[in-house]
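Structural overview for review
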Amino acid sequence: MPIDRDKALTAEPSVREIHWTTRDVLLYHLSLGATAPHLTYEKHLGVLPAFALVAGGGISSGEAAPPSFHLPGIDIDLRSVLHAGQGLRVHRPLPASGTATLASRVADVWDKGKAALIVLESTASDTDGAPLWTSTMRIWARGEGGFGGEPGPEEDWTAPDRPADTVLTSATTPQQALWYRLNGDLNPLHADPEFARAAGFDRPILHGLASYGLLCEALVTGLLDGDVGRLTGLAVRFAGPVVPGETLETSVWHDGATEDGERLLKLHTGCPERDGAPVLTHATATVTA
């Protein structure tokens, strides 16, 4: 049976130790096109929260491993997998270099009929056991539904019925994906024109997590006065590809506050070169005042 939901949800977490250096952080920021000194110079270096999603996979970790998808209770074809969404919650500002213990588990598996939606949760803690971040990855597995599970809850997300309070613009460069893949994701879809054409694209496309990182940098730089510690959470759905050289345009609505007193933002990112074609949707962010 390709998917055994009970086995997947009751399996012990996979635990590993990860390390990163200041150079990994600098490279990550540069791969997003950051230019601010506090993001590109090691003196007083701040770390974008989204770095958590590549920590332990950069240049200092050695040769990157080939893509794999081995989860207890889930036996599916890697070619059927799409990265559908990403969430992140940082519990405190990330250090510019460090070691963490990363525990990963299957948090949920939903039966969407023609596909399965797999939710992976990873938690990182420092050497003293203090939490650093929690990330949630949504994986859409085409053709893997119909295993008899629940479809899962519908997400209630609507843009406020008014013009955006702020619009943030993020330019990309033709070599953006080539820079970003040095953070650890060497999928040829982002570098090899022949591979990209075989996958149905005219040319290599940008990593979804690169779009996510660009949004993170735009929020910190354009909305939060460069203070990386003020962005505490960011969740998105990946709705469409970006070709390196295109622009990301993000509409931002202030939408009240959370129970913890943080400001809640709703976000929608599109590509103006393609008539606003959606790139990141159903997006929310939490920020401190």
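Residues numbered from 1 in each chain as written. Predicted model: local features only at pLDDT ≥ 70, side-chain atom pairs only at ≥ 80, totals over all residues. Heavy atoms only, no water.

Focus: the pattern of salt bridges
Spelled out, the test is: Salt-bridge detection follows one rule: a side-chain nitrogen of Lys or Arg within 4 Å of a carboxyl oxygen of Asp or Glu. Labels follow the DSSP assignment, with helices taken as runs of H or I lasting at least four residues and strands as runs of E lasting at least two, numbered in each case from the N terminus. Each residue gets one of three labels from its accessible area relative to the maximum for its type: buried under 20%, exposed over 50%, partly exposed in between, using a 1.4 Å probe on protein chains only.
Scanning all chains against the criterion turns up eight salt bridges. Glu-262 serves as the salt-bridge partner of Arg-89, at 3.0 Å between the closest nitrogen and oxygen. With Arg-89 in strand S2 (residues 81-90) and Glu-262 in the loop between strand S8 (247-257) and strand S9 (263-271), this pair connects stretches of sequence that are 173 residues apart. With a relative accessible area of 9%, Glu-262 lands in the buried category. For Arg-92, the salt bridge identified is with Asp-126, shortest N-O distance 2.3 Å. Of this pair, Arg-92 sits in the loop between S2 and strand S3 (98-111) while Asp-126 sits in the loop between strand S4 (115-125) and strand S5 (131-142), and the two are 34 residues apart along the sequence.

Section: the sheet that holds strand S10 (residues 277-287)
We count it as follows: The rule for pairing is simple: two strands pair if DSSP sees at least two bridges between them. Axis definition: a line fitted to C-alpha atoms, limited for helices to the stretch in contact. Angles are taken between N-to-C directions and run from 0 to 180 degrees. The contact rule is simple, with two residues in contact once any of their heavy atoms fall within 4.5 Å.
Read from one edge of the open sheet, 10 strands run S1-S3-S4-S5-S2-S7-S10-S9-S8-S6, paired in antiparallel fashion. With one partner strand each, in any of the chains shown, strand S1 (14-20) and strand S6 (166-171) form the two edges of the open sheet. Ignoring which end each strand starts from, the neighbouring axes of this sheet average 20° apart. Bridging between S9 and S10 involves eight bridges; their strand directions are antiparallel. Bridge pairing links Thr-269 to Leu-280 in S10. Sitting on the sheet, helix H6 (residues 208-223) touches S2, S6, strand S7 (231-238), S8, S9 and S10, and the angle it makes with S7 is about 140°.

Here we look at unusual backbone geometry
Its identity as a non-glycine residue notwithstanding, Asp-275 has a phi of 55°, on the positive side. Mapped onto the elements of the fold, Asp-275 is located in the loop between S9 and S10. Residue Asp-275 is classed as exposed on the basis of its relative accessible area of 78%.

Topic: helix H2 (residues 22-31)
Among the 10 residues that make up H2, seven are buried, leaving the element largely enclosed by the rest of the structure. Listing the buried residues of H2 in full gives Asp-24, Val-25, Leu-26, Leu-27, Tyr-28, His-29 and Ser-31. In this structure, the buried residues of H2 make contact with S1, helix H3 (37-40), helix H4 (176-180) and H6.

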